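Summary of the model geometry
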Amino acid sequence: MKIIADNGFYEVEYENEHYDHLEFIRIDQICEITYVTMKNTLTGEVYTFEADKIRRFRKIMKLIPAVKENLVADSRSYSL
């Protein structure tokens, strides 16, 4: 499992449970088991998941579409 910690938000499906709005905290390896610790940014709850039991791991990317503004007045009456 490859995780890039870049302060994004993630969604995890773990043992038939769904978790979202998660922020990456750290990865630990204890006795050959890899654990991923994440925090829910809305509730403040911290979860530790066994990496092998994560069924789905997805980064949530919300892109704001570029807004093109025309800063020129439409007609002479709206101009200064």
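Refer to the structure presented above.
Read on for a plain summary of the structure. A quick note: this is a predicted structure, and the numbers were derived from the prediction, not measured. Numbering of residues begins from 1 in every chain and follows the order in which that chain's sequence is written. Restriction of local features to residues with pLDDT of at least 70 applies here, the model being predicted, together with a cutoff of 80 or more for giving and counting side-chain atom pairs; totals for whole chains, interfaces and linings are based on all residues. Heavy atoms throughout the structure, all of them, feed into the side-chain values; hydrogens and water do not.

Some details on the nonpolar core
By nonpolar core is meant a set of buried Ala, Val, Leu, Ile, Met, Phe, Trp, Tyr and Cys residues that side-chain atoms within 4.5 Å join together. When a residue's accessible area, from a 1.4 Å probe over protein chains only, is under 20% of the maximum for its type it is buried; when over 50% it is exposed; and in between it is partly exposed. Judged by nonpolar contacts, Tyr10, Val12, Tyr14, Tyr19, Leu22, Phe24, Val36, Met38, Tyr47, Phe49, Ala51 and Ile54 together constitute the single largest core of 12 residues. Helix and strand assignments follow DSSP, with helices taken as H or I runs no shorter than four residues and strands as E runs no shorter than two, numbered in order from the N terminus. Looking at this core, the elements with two or more residues in it are β1 (9–14), β2 (17–30), β3 (33–40) and β4 (46–50). Pairs of residues are marked as contacts when any of their non-hydrogen atoms sit within 4.5 Å. With near-sequence residues (within four places) excluded, Met38 lies in contact with Tyr10, Val12, Leu22, Glu23, Phe24, Ile25, Glu45, Val46, Tyr47, Phe49 and Phe57.

Some remarks on the pattern of salt bridges
In the sections that follow, a salt bridge refers to a side-chain nitrogen of Lys or Arg positioned within 4 Å of a carboxyl oxygen of Asp or Glu. Scanning all chains against the criterion turns up 6 salt bridges. We note a salt bridge from Arg58 to Glu11, for which the minimum N-O separation is 2.8 Å. Of the two residues, Arg58 sits in strand β5 (residues 54–60) while Glu11 sits in strand β1, which places them 47 residues apart along the sequence. A relative accessible area of 41% places Arg58 in the partly exposed class.

Description of the sheet that holds β5
Strand pairing follows a simple DSSP-based rule, namely that at least 2 bridges must link the two strands. With antiparallel pairing, the 5 strands of this open sheet are ordered in space as β4-β3-β2-β1-β5. The sheet is open, and its two edges are formed by β4 and β5, each paired on a single side. Sheet twist, expressed as the average angle between the axes of neighbouring strands with direction ignored, equals 45°. Of the strand pairs in this sheet, β2 and β3 are connected by 8 bridges, and their pairing is antiparallel. Its bridge partner lying in β3, Phe24 is registered against Met38. All axes are obtained by fitting lines to C-alpha atoms, using only the stretch in contact for helices, and the reported angles, taken between N-to-C directions, cover 0 to 180 degrees.

Fair warning: the whole summary comes from geometry, so function is off the table for now.
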